[in-house]
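Overview (structure and organization)
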Amino acid sequence: MRVVVAGQGYVGLPLAVRAAECGHDVVGYDVDAGRVGRLTAGESYVEDIRPERLLEAIGSGRFKPTTNVADCADFDVALITVPTPLRDGIPDLSYVEASAEMLSRHLKRGATVVLESTTYPGTTEELVGPILEKGSGLTAGTDFYLGFSPERIDPGNPTWNVVNTPKIVSGIDEHSLKKIKEFYDGIVDTTVTVSSPREAELAKLIENTFRSVNIALINELAMLAHDLNVDVWQAIDAASSKPFGFMRFTPGPGVGGHCLPIDPAYLSWRVQRTLGQSFRFVELANDINNHMPDYVVRRLTDALNRRQRSVSGTRVLLLGLAYKKNTGDARESPAVRVAELLTQLGAQVRAADPHVVEPVHGFAELTRVELTEQEVKDADAVIILADHDLFDYDMIRTHAKYILDTRRRLSGAHIEVI
Ligand SMILES: NC(=O)c1ccc[n+]([C@@H]2O[C@H](COP(=O)([O-])OP(=O)(O)OC[C@H]3O[C@@H](n4cnc5c(N)ncnc54)[C@H](O)[C@@H]3O)[C@@H](O)[C@H]2O)c1
């Protein structure tokens, strides 16, 4: 089939490459000429897609990255994998709208459109469907098929990927569901059907809200346990020995990326907008997680105070700018907020993260360095924010004067964990 994947990011690129490997003719459409240029040159910016795999897909003639809208013509299946950010705390669906408008101009009878971007329940039927109908003059369900299938990809996860992670599929009616299930059955191991796009949209938000709330619970516990002089990490390890009814979450400097800081807000916005009620768990979890960078800074301030030092003038080396280990994604990363707060207090902040290759948004003045023995020796304090496996922890432990480890990667007399 002729497949268009609109949006070539963390979600769209792996899907496009997989569809090409399964024998489809895939157009990877993106508005970012820089990204498309890198893809065309065989350069991958998504760690789950190795350059060899990308080059093979392009070389097969079945995968064409493009910024040219005309290349999207005559598609059988189109997947929308564009960003769904918040603007001033409100869902910004302008990218989804733009994609749907573009696709509507190429929509033909019998074609299928699937929204994959994370969004609030109702988006596929209330927003995407009408845009497609208006631009094409066709009717959803009668003339073309429409549905929602949330992406669950976990970038950098060595075990679970696009193929072996069960894929929830839905359609606006029976025919749409059948078409969409058939397509995904051809590219992933398992599909899970639900009766309408609304349930599929909500399923994705349940998953991410569950994570956000549980991380917040453990973060709050970690702060309280520290003041109670209890080792929360040991307590979590002990609780994790229970084989049922408990799931392990660990504290950290906050949440980041494209999902946890954003997706639950889509749900709470919808609840507030439609029902006039607040979704209190989401708000509490956001509040706790958003304040974790302040807590990291407070813990460093406390440690410096004990040495009769101030944050101002102190040289601090931050390790890990990405929001989680072994990935290069620094979007909404709490590490960037920690850097900003420390700089405001007068610290000389330097940061090392070999995984983060794209520019870090949100704090332009950040000094990026390579992790060397000299950098560690010259720092008055080192803060581990993302515990990438490729950091040399023995070297860090040996040469650092003081380490605040937000991930409990290390232990020792001059090391504190949060
Ligand atoms: N990153 C994840 O781990 C993950 C996991 C599951 C779901 N999601 C969801 O998937 C969606 C995409 O996320 P992502 O991480 O891939 O984002 P991304 O920013 O990595 O990629 C999105 C791409 O879409 C492009 N784009 C923007 N407007 C476009 C348009 N009108 N037409 C074509 N391309 C356009 C951007 O240039 C960018 O390359 C979001 O809704 C996100 O919440 C992300």
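Conventions used here
Residues numbered from 1 in each chain as written. Predicted model: local features only at pLDDT ≥ 70, side-chain atom pairs only at ≥ 80, totals over all residues. Heavy atoms only, no water. Salt bridge = Lys/Arg side-chain N within 4 Å of Asp/Glu carboxyl O. Helix = DSSP H or I, 4+ residues; strand = E, 2+ residues; numbered from the N terminus. Buried < 20%, exposed > 50% of the residue type's maximum accessible area, 1.4 Å probe, protein only. Pairing = 2+ DSSP bridges. Axes fitted to C-alpha atoms, helices over the stretch in contact; angles between N-to-C directions. Contact = heavy atoms within 4.5 Å. Phe/Tyr/Trp six-rings, centres within 6.5 Å; stacked < 30°, edge-to-face > 60°. Expected span 1.5 Å × (residues − 1). Bend = angle between axes of the 7 residues up to and from the residue. 1 Å grid on protein atoms, 1.4 Å probe; cavity = no way out; pocket = protein on both sides within 12 Å on 5 of 7 lines; lining within 4 Å. Points joined across faces, edges and corners; volume = space filled by probe spheres on them. Near = heavy atom within 4 Å. Polar contact = N/O pair within 3.5 Å; in protein donor to acceptor, adjacent residues only side chain to side chain. Areas by Shrake-Rupley, 256 points an atom, 1.4 Å probe, with all protein chains shown as cover. Nonpolar A, V, L, I, M, F, W, Y, C, P; charged D, E, K, R; others polar.

Looking at the pattern of salt bridges
Under the definition given, this model contains 34 salt bridges. Here Arg198 makes a salt bridge to Glu125, at a shortest N to O gap of 3.0 Å. Here the residue Arg198 occupies a position in helix α7 (residues 197–227), and Glu125 occupies one in helix α5 (residues 123–136), the gap between them amounting to 73 residues. The exposure class of Arg198 is partly exposed, given its relative accessible area of 39%. We classify Glu125 as partly exposed; its relative accessible area is 28%. Its salt-bridge partner being Glu340, residue Arg337 comes within 3.4 Å of it at the nearest N-O pair. Placement of both Arg337 and Glu340 in helix α12 (residues 334–344) is noted, with a separation of three residues, approximately one turn of the helix. Judged by its relative accessible area of 22%, Glu340 falls in the partly exposed class.

Thoughts on the sheet that holds strand β2 (residues 25–29)
Taken in spatial order, the six strands make up an open sheet running β3-β2-β1-β4-β7-β8, and their pairing is parallel. Unpaired on one side and paired on the other, β3 (63–66) and β8 (145–148) mark the two borders of the sheet. Taking each pair of neighbouring strands and ignoring which way they run, the sheet shows an average axis angle of 15°. The strands touched by α5 within the sheet are β4 (77–80), β7 (112–115) and β8, with β8 carrying the most contacts at an inclination of about 145°.

Side note on the packing of aromatic side chains
Here the structure, examined in full by the defined rule, presents five aromatic pairs. Consider the rings of Tyr120 and Trp269, whose centres lie 5.2 Å apart with planes at 40°: the pair is tilted. Here the residue Tyr120 occupies a position in the loop between β7 and α5, and Trp269 occupies one in helix α9 (residues 263–275), the gap between them amounting to 149 residues. Comparing Tyr120 with Trp269 shows no difference in burial state: the two are buried. Within the aromatic cluster, the residues linked to one another by ring pairs are Tyr120, Tyr266 and Trp269.

What about α5?
The end-to-end C-alpha distance of α5 is 19 Å, a good match for the 20 Å that 14 residues give at a rise of 1.5 Å each. Along α5, the largest kink reaches about 30° and is centred on Gly129; proline Pro130 follows within four residues of it. Where α5 is buried, its residues touch β4, α4 (94–104), β7, β8 and α7. Looking one or two places after α5, you find Gly137, whose phi comes out positive at around 75°.

Thoughts on empty space enclosed by the protein
It is a probe the size of a water molecule, rolled over the atoms, that shows where empty space is left. Counting across every chain of the model gives one cavity of 30 Å³ or more. By volume, the largest cavity is sized at about 50 Å³.

Looking at the site of the ligand
Around the ligand lies a shell of 26 residues, among which Val11, Asp30, Arg35, Thr84 and Thr118 are the nearest. Here Thr84 contributes a side-chain N or O atom positioned 2.5 Å from an oxygen atom of the ligand. At a separation of 3.4 Å, an oxygen atom of the ligand approaches a polar side-chain atom of His258. For the ligand, whose unbound accessible area comes to 830 Å², protein coverage reaches 93%. Among the elements that make up the shell around the ligand, the one with the highest residue count is α4 (three residues). In terms of residue class, the shell around the ligand is built from eleven nonpolar, nine polar and six charged.

Structural notes on unusual backbone geometry
Of note in the backbone geometry, Asp88 takes a positive phi value of approximately 55° without being a glycine. Counting through the fold element by element, Asp88 comes out in the loop between β5 (86–87) and β6 (90–91). Judged by relative accessible area, Asp88 falls into the exposed class, the value being 76%. Notably, Asn229 is not glycine yet its phi reads approximately 60°, a positive angle. Structurally, the position occupied by Asn229 is in the loop between α7 and α8 (232–239). A residue is classified by how much of its surface remains accessible, and Asn229, at 73% relative accessible area, is exposed.

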